Each structure stands twice: as C-alpha cells, then as structure tokens.
Amino acid sequence: MIEKPINNRAWLLVLPVLAFVLFSALLPMMTVVNYSLQDSMGANNFFWNGDAWFRDVLNPSTDIGARFFDALIRNLSFSFAALLIEVPLGIAIALCLPRSGWAVGPCLVLIALPMLIPWNVVGTIWQIFARADIGLFGAAINGLGIPYNDTQDPVAAWITIVIIDVWHWTPLVILLSYAGLRAIPDAFYQAARIDAASRWAVFVNIELPKLQKVLVIAVLLRFMQTFMIYTEPFVVTGGGPGSATTFLSIDLVKIALGQVDLGNAAAMSLIYNLITITLCWIFYTIMTQLDRRRDA
Amino acid sequence: MRRGVMPKIVLAAYLAMLMLPIYWLINLSLRPNEDIVSRMALWPHHPTLEKYFFILNDPTWVHAFGVSLTYVLINTVISVTVALPAAYAFNRFSFIGDKHLFFWLLTNLMAPASVYAMPFFNLYYAVGLFDTVWAVALAHCLFNVPLAVWILEGFIGGVPREIDEAAAIDGYSFPRFFIRIFLPLIANGIGVTAFFCFMFSWVEQLLATTLTATNALPFAAVMTRSYSVSGMDWTLLAAAGVLTMVPGAVVIWFVRNHIAKGFALGRV
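Residues numbered from 1 in each chain as written. Chains lettered and ligands numbered in written order. Predicted model: local features only at pLDDT ≥ 70, side-chain atom pairs only at ≥ 80, totals over all residues. Heavy atoms only, no water.

1. Quick look at the overall build of chain A
Threshold: Here a strand is any run of E in DSSP of at least two residues, a helix any run of H or I of at least four, and the numbering for each starts at the N terminus. Classification of residues uses two cut-offs on accessible area relative to the type maximum, computed with a 1.4 Å probe and protein chains only: under 20% is buried, over 50% is exposed, and between them is partly exposed.
Counting its secondary structure elements, chain A contains twelve helices and two strands. The linear arrangement of helices and strands in chain A, starting from the amino end, is α-β-β-α-α-α-α-α-α-α-α-α-α-α. A principal-axis box enclosing the C-alpha atoms of chain A has dimensions of 75 × 65 × 35 Å. With 296 residues in all, chain A has 53% of them scored as buried.

The following block contains the structure:
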C-alpha cells in the first residue's frame, strides 16, 4: 500500500462537510446532554442533577434500568437475526443476478423498489399484509397450518418485524454486493477456469475477498439501521404485544414524549448512542485491520 | 463462467417474494375500503382508480409531493457537492486527525432520529427555518453527507493517483483538474451516491414531519393526516403509497448502469 502524502491543507477540502454536519449535529446533541444532567421542576426551571439519571438507567434493579436492559437485549437479538439472514441472502442473490444483458436493468429496479418506499408506508403495507383475515401473508401462513397472529402473539410479532426488515433491506446488501462483484476483472475468472476451480473455490478465493470492502459498508449500515429501528415496529405493532417489539428507540420516545421524563430519556439515549458507536467502532477496526494485513 | 438454471430459479423465486407485498399495496389501492376490510381478495374484482384521481386533483397532495421532491433534490445536490472534495481529501492525503474525523462523520449515521427529533425542532425553530424545505434538506444532511463521503471515497480510491500527478505536470490548477478531469472519471460513483442520498432523504419522515407544519408539509405527513379524518382510508393510503414509489423507481432506472459497473472501492 502506497503511503499517502501528508498535507494538512486537505482540511480545507473537508471544511464544507464539517460545517453542514456540525450545524445539525452539535446543538441537538448538546440539548440532549443538557437534559441528561439536569432535573426540572416544570416550567423550564432546571437544576443540576449530576450523573443521577445515568446511574438510574444503568442500574437494572430500578424500573427504568430494567426497561433499558430488556429493550437493549431485544435490540441486539433483532439486529443479530436480521444481519444473519440479510447478509448471506444478499450475497447469494447478487451471485444469481445476470452479469450482463437486457435483464440487468429491470432486475435492479425491481430489487431496489422496497427500499424506495417511505418507512411509514412500509409499515402500512405490512399492517394489512400480515393480517390473518384480510392479508395475504397472514392468511397464507395460517393456511399452512401454523397459527399466526402478529398482534396477539409476541413471538409472531417479533418474527414479523424481522421478516419486514429482511424484505425491506436485503436489497441494499444485494445492490452493494452486486456492484462489488461487477468490479472483479474477468481475468480472475479466466484464471480460475484454467485451474478448473470449483464454483465454491471461486466464491471463497476470488469473490468473497473482493466483496469484503462493500460488505463492511453493508454490514455497518444494516447494523446501524436495525439497531435504531423505529418506524416499522411503531406502525405495525406499536411496540407490542406487551413489550415484545418495544425496541430502544420506541421505548425512548415513550419515555420522552409519553411520560415527559426528559432526564431519564436523555441519559438513556446517550448511553444508547454510545453503545451503537462502540459496537460500530469495534467492527470497523477489525475489518480495516484485516484489510491492512492482507495488503501488507 | 458457466451458469446453470439454478441461479435463474432462485432469482425468480426471490423476486416473486419481493414483489408480493408491493403487489398487495397496488391491489389495495384499486379496491374500495369496504372491500378491503371485509374480505381477502387476491385481485381487485371491481378495480377503481378513484383515489388516484382524487390525489392527483387535490392541491394539498400535489403540493406536498412537490415539497418532498424539492427538499430531496436540494439535499442530494448539497450532499454530493460538499462530499466530493472531502472524499478526495480523505482518499488522497494524510492530515492531522483524518481517521478520527472520518469515523466521527460515520457516528452521525448512528444517531436515532426518534431521539433527536425534538432538539432538531428547537434548533430549526430558533434559526427561523422551521416549516421550510430548507429545514428538512439541511437536517437530512446529518446522515446523507457522511454517507456520501463514505461511498465516494471508495470510488475515488479506484482512480489511479498517476492521473492527479499527470494533470499537475500538465499545469492544471486543482479546481480545474478536479472539475474537468476528475469528476468525469468518477461519474459512476456520483450516480450511485446521488441515488443513495435521494433514497434515504425520500424515505425519511420522522424529521421531515417534525420540521414542517403547513407550508412545507411533506407527502408523508399528508398521508398520516388521512389516517384520522375518516377512520382508516386504506384505499387512499395505498394509492398514495404506490405514488411514493414512482420517483425512486425513475431515479434507479437512470443509475442502473452505474450500479452495474460497480464500485471500484479503494479502501473502506
């Protein structure tokens, strides 16, 4: 890998980005930090509250702490399940797509369609689609002899949200993987043919390593989005039944706007944000280190 | 490479599963409300385009559609424009704090909109942009600018450094080189990035609805309004849903070849 020249004037090229992102990032973040450190007696009378809200949220024996850890585990298992299905499925479908010809364009447009539907519309579609009486999906599952009702059964509700996410976002993994696959020069495949390599060997030795870079983008993006999921469960299940699909962001909005418990909500959202960033950082570091080692 | 029939069958099966919910939406949009809630019908028995005509003839809906398109386009243009030089800087130079800055940019993708919606409202109200398309366009920059930098950086990595050096020797100034020589080389990347910015801004609604009231009401907000007026108007909602897919489908049709050509990803 060639060393990049050191040039601190490059900062000038980054400044516009910094300005636009800071404008929207800094003040809202500071507002949340403010709330997390203060308590209110109502009517905009705030006083310093130190780290009390944070200790509350991180203590599983308090009411809010128990809720936080429950939602956190629900979120982690949801993200894990979604990624476990979406990434392999996405790569597999990308491999099945034609490499050239008339069918490429229509296939890509069809695949991208679910991603282009506004999130509340996605929720609305599935709200009806999953119903056992008037929806195709619910009726079909029940027709197979599996009792299914996503508004009553917690497990069914959780699985429904996973299925929605798989339906909605596997296309992102497909598009990124497909773009990555198209960037592999034909020479690689010709060499493999001369060596009479099996399909599996081609996949493991040529395609997968070349896909690593796009997969980092795909996995990180999907992790962030699944970890912050809000609209779909909000519209389809409303966080229920019980609290089966009350993910962190849904719980936060309930606490902040429903109970107007701003201190707890702010502390919780900062901890939540920190967890997301830490997990992404670990993953990002591992992937980029692997990359560097291979280049060296 | 030799390809059997299997991939075609798998692909066809996947596409069928993918299209089913969308078919269901179209199906709903063509059936009257009483029909939707009373029984399951695999296809519309008495199809009606009534709600489509209703939406297309109602100034509120048409205006909202225009508002949504406007802030999405403003956002896409801003995101791609400011991200281009930054992505170039990240790919070509080392500078103090570059790696930290890059990761900090990514952390902005990790802030849940649901949490920051209220602070956003306060901020944009305070600067007097509340209820304008600019508020939404700027707010969406929070996640679209970092995303654009991330994607473009990969594409720029695919352009050999020798081209920069050759241009410098030929006496090109940096702005002239960047616009005349470099941008055409990463046209694919710009197309793909613009598509992603368009998409994420188009589908995001929590911020869009929080930051607007009447003048700049986005399409999605008008949709949520139709929930309450007369119970659930499923047909209207479904017809509006079908219409929201149209702009995105048009955009993806234009960039399909760019995506097919692939990312020439340099580093992560």
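Read on for the rest.
2. Observations concerning the domain arrangement of chain B
Residue and element names in this part refer to chain B. Cut-off, in case you're wondering: Domain delimitation in this document rests on an assignment produced automatically or drawn from a domain database. Note on contacts: a residue pair is in contact if any heavy atoms of the two residues lie within 4.5 Å. The term buried area denotes the loss of accessible surface (1.4 Å probe radius) that occurs when two parts are joined, taken as the sum for both partners. Think of a polar contact as two N or O atoms within 3.5 Å of one another; within protein, one of them needs to be a possible hydrogen donor and the other a possible acceptor, and neighboring residues in sequence only count if both atoms come from side chains. Under the scheme applied here, ten amino acids are nonpolar (Ala, Val, Leu, Ile, Met, Phe, Trp, Tyr, Cys and Pro), four are charged (Asp, Glu, Lys and Arg), and all others, including Gly, are polar.
Segmentation of chain B into domains returns domain 1 (1-48) and domain 2 (50-261). On a C-alpha basis, the centres of domain 1 and domain 2 stand 29 Å from each other. At the junction of the two partners, domain 1 supplies twelve residues and domain 2 supplies eleven residues. Note on domain 1 versus domain 2: buried area summed over both sides is about 850 Å², and carbon and sulfur give 65% of it. Ranking the residues of domain 1 by area buried against domain 2 places Leu-25, Ser-29 and Asn-33 at the top, with a combined share of 52%. Linking domain 1 to domain 2 there are two residue pairs in polar contact (both at pLDDT 80 or more). Ranked by the residues each element gives to the side of domain 1 that touches domain 2, the list is headed by helix H1 (residues 6-29), at five residues. Here the side of domain 1 that touches domain 2 is composed, by residue class, of eight nonpolar, three polar and one charged.

3. What about the interface of chain B and chain A?
Interfaces are often described in size by the accessible area the parts lose on coming together. Quick reminder of the rule: The term salt bridge refers to a pairing of a side-chain nitrogen on Lys or Arg with a carboxyl oxygen on Asp or Glu at a separation within 4 Å.
Contacts between the two partners involve 100 residues from chain B, matched on the other side by 100 residues from chain A. When the two sides are added together, the surface that chain B and chain A hide from each other amounts to roughly 8900 Å², 79% of it contributed by carbon and sulfur. On the surface where chain B and chain A come into contact, there are zero salt bridges. Inspection of the region where chain B meets chain A yields 13 residue pairs in polar contact (both at pLDDT 80 or more).

4. A closer look at the domain arrangement of chain A
Residues and elements named next belong to chain A. Once the domains are mapped, chain A shows domain 1 (1-50) and domain 2 (67-295). Between the C-alpha centres of domain 1 and domain 2 the distance comes to 28 Å. Taken residue by residue, the interface counts seven residues in domain 1 and eight residues in domain 2. For the pair domain 1 and domain 2, the two sides together bury roughly 590 Å², of which 78% comes from carbon and sulfur. On inspection of domain 1 and its partner domain 2, the count reaches zero salt bridges. No other element matches helix H1 (residues 10-37), which puts five residues into the side of domain 1 that touches domain 2.

5. Observations concerning the side chain of Thr-76 of chain B
Residue and element names in this part refer to chain B. Along the chain, Thr-76 falls in helix H4 (residues 59-92). Relative accessible area serves as the criterion here: at 10%, Thr-76 is assigned to the buried category. In this structure the side chain of Thr-76 is engaged in a polar contact, spanning 2.7 Å, whose partner is the backbone oxygen of Val-72. Leave out the neighbours within four places in its chain, and Thr-76 touches Ala-194, Cys-197 and Phe-198.

6. Concerning the nonpolar core
Definition in use: We call a set of buried Ala, Val, Leu, Ile, Met, Phe, Trp, Tyr and Cys residues a nonpolar core when their side-chain atoms join them within 4.5 Å.
Formed by 191 residues in total, the largest nonpolar core has its most connected members in Trp-126 of chain A together with Val-149, Trp-150, Phe-195, Phe-196, Met-199 and Ile-252 of chain B. In terms of residues, this core owes the most to one element, helix H7 (residues 133-157) of chain B, which gives 18 residues. When near neighbours in sequence (up to four residues on either side) are disregarded, Phe-196 of chain B contacts Leu-172 and Leu-176 of chain A together with Asn-144, Leu-147 and Ile-151 of chain B.

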